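For reference, the chains in residue letters:
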Amino acid sequence: MTLLSKLIRHKSVEQLQSEAGRRGDFRRVLGLWQLTAIGIGGIIGVGVFVLAGQQAALNAGPAVALSFLIAGIASAAAALCYAEFAGMIPVTGSAYTYGYAVLGELAAWLIGWDLLLEYALIVAVVAIGWSGYVQSLLQAAGITLPVWAQGAAHTGEGRVFNVIAALITLAVATLLTMRTEWGARLNTLIVTVKVIAVVLVIGVGVFYIDPANWHPFIPERVIGPDGVGHFGFKGVTTAAAVVFFAVFGYDTLTTAAEEAKNPQRDLPRAVLLSLAVAMVLYLAVSLVLTGIAHYPTLNSDAPVADAFKALNLHWVAVAISISAVIGIASVLFAFMLGAARIWFALSRDGLLPGWFAKVHPRYGTPHRPTIALGVFTALVAGSLPLGEVAKLVNIGVLSAFIVICSSVIMLRIRKPDLHRSFRTPWVPLVPLIGIGFSIWLLSELALITWGVFLVWVSLGLLVYFTYGIRHSKLEQQQ
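This write-up is about the structure you can find in this document. This is a predicted model, so every value here is computed, not measured. Each chain carries its own residue numbering, running from 1 in the direction its sequence is written. The predicted nature of this model means local features are confined to residues of pLDDT at least 70 and side-chain atom pairs, given and counted, to a pLDDT of 80 or more, with totals for whole chains, interfaces and linings taken over all residues. Only hydrogens and water are set aside when side-chain values are computed; all heavy atoms of the structure are taken into account.

Description of the nonpolar core
Link 1 in the chain: Phe-49, Phe-85, Ile-89, Tyr-133, Phe-244, Tyr-250 and Phe-308 are the most contacted members of the largest nonpolar core, which has 157 residues in total.
Link 2 in the chain: Counting from the N terminus, the helices are the DSSP runs of H or I reaching at least four residues and the strands are the DSSP runs of E reaching at least two. Examining the composition of this core, we find that 20 residues originate from one element, helix H7 (residues 105–140), more than from any other.
Link 3 in the chain: Contact criterion: two residues are considered in contact whenever any of their non-hydrogen atoms come within 4.5 Å of each other. Excluding anything up to four places from it in sequence, Tyr-250 contacts Gly-39, Ile-43, Ser-75, Ala-78, Ala-79, Tyr-82, Val-271, Ser-274, Leu-275 and Phe-401.
Link 4 in the chain: With 5 residues, the next largest nonpolar core counts Ala-77, Ala-83, Phe-422 and Val-430 among its residues. Residues belong to a common nonpolar core when they are buried Ala, Val, Leu, Ile, Met, Phe, Trp, Tyr or Cys residues joined through side-chain atoms within 4.5 Å. Throughout, exposure labels follow a simple rule: accessible area from a 1.4 Å probe, protein chains only, divided by the maximum for the residue type, with under 20% read as buried, over 50% as exposed, and the rest as partly exposed.

So this is what it looks like as structure tokens:
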């Protein structure tokens, strides 16, 4: 077999569908609402409680709602494509598995490898944001952590390590090693609390909106002393690129395909339902938040709570902080669940050591990659500032979106008669919209993001050509 044929070898859709019916690695325990809760849990979190305010203050002004809308359009186009694949190939691994079926082994490996890092970094970003709300709540109760434990180095004088951010990632990793349905039930309860909190922000805040705070809606572009530009429409798109990771959490639920009771029916529904609910809430919160507070005041660790404190609505601020502390944990749950299952899928296919593809003998969960991810994300969340990590988390997912949207078009041409429980509408228009927006958002990312991405891809190629290509299950079969 030539090198090229090895790089493009793939599993057929029919083979994956057949394997999905026979596999018994996981227990099928998740219904539609639990899957939807994983999706909503993955989408709504730091984006509402932290990044909406911060990006309004730094880049978009009141037009941060427009930033969410831009990111949401790209995400919606990709969501429709994800829904088609989720119903057609209900196998653990999400975009990695879909890429394996259409583009071949090397492309699938790179997508899986990138998503593994992106999901892990998202866990770290969310943990850092979660820590800010916990500390705000503790301070309201008169409890202050030692300065060294309040945050990572360079986030404030005397700070060394974000202890709370590290501890929450370890706690979520521990929960995810238990039975999946236990974590899913707790996650559904947490998501319910979170949605109620967001509705509270909207319901109370709407009565305190000052329309003057929305003017100018898109502030005039300025160049800071460091040479970095802010605001203007360029600032809106920059903010869209940053907040994008907050509107794509629905893809995490597709990684749990083999744990769904009726994946071909429920996965497409859960993808679309979770994104629809989340986008309505994001747009409403963005408008309310910038309506009750002048946007330059929103650059804090807990901007939503701080905005209500400034209105002397301390009970709302405390309620939001408590809800954020509870609710943001569901984002950690969703993305760590997704990362662990992508790692498991890579290992099960032989591209990473098979030692990680063993489920817990008692709980039936991929405990080994989950524990490894818990330790890694704890170190990142404890050691790095929120802004620096947030810049790194979008590029792999945007690349995956391009792959998924392209694959829908390619598979419609190659196998138009293949049974699809959900069909993406208006192909190729919708996939092309997803591809176009994703490329645009990629162009908005900072050079450091591309640098880290290229380093990670280079490391991935090294791992593949020294290990994966020789140990691949397809290689062994051939």
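Okay, back to it.
Brief notes about the side chain of Asn-187
Link 1 in the chain: By the element assignment, Asn-187 lies in helix H9 (residues 180–205).
Link 2 in the chain: When its relative accessible area of 2% is taken as the criterion, Asn-187 is described as buried.
Link 3 in the chain: Other than its neighbours up to four places away in sequence, Asn-187 contacts Ala-37, Ile-38, Ser-330 and Phe-333.

A look at the packing of helix H8 (residues 163–176) against helix H15 (residues 329–348)
Link 1 in the chain: The interhelical angle for the contact between H8 and H15, taken along N-to-C directions, is 60 degrees, at an axis separation of 10 Å. Classified by the angle their axes make, H8 and H15 are oblique. In terms of crossing hand, the pair formed by H8 and H15 is right-handed. Contacts between H8 and H15 involve Ile-168, Thr-169, Val-172, Ala-173, Leu-175 and Leu-176 on the former and, on the latter, Leu-332, Phe-333, Met-336 and Leu-337. Geometry is summarised by axes, namely lines fitted to C-alpha atoms with helices restricted to the contacting stretch, and by angles between N-to-C directions that run from 0 to 180 degrees. Any angle from 65 to 115 degrees is called roughly perpendicular, while one under 35 is roughly parallel, one over 145 is roughly antiparallel, and all others are oblique. Two helices crossing with the near one rotated counterclockwise from the far one by less than a right angle form a left-handed crossing, whereas a clockwise rotation gives a right-handed crossing.

Points about the layout of surface pockets
Link 1 in the chain: Using only the protein atoms, space was sampled on a 1 Å grid; points where a 1.4 Å probe fits but cannot get out form cavities, open sets with protein on both sides within 12 Å along at least five of seven lines form pockets, and lining residues are those with an atom within 4 Å of a point. Grid points are joined across faces, edges and corners, and a volume is the space filled by probe spheres set on the points. When its volume is computed, the second largest pocket comes out at roughly 150 Å³.
Link 2 in the chain: Lining the second largest pocket, in full, are Trp-113, Leu-116, Leu-117, Ala-120, Trp-343, Ala-372, Leu-373, Phe-376 and Trp-456.
Link 3 in the chain: Elements represented by at least two residues in the lining of the second largest pocket include exactly H7 and helix H16 (367–383).
Link 4 in the chain: Looking at the lining of the second largest pocket element by element, the count peaks at 4 residues for H7.

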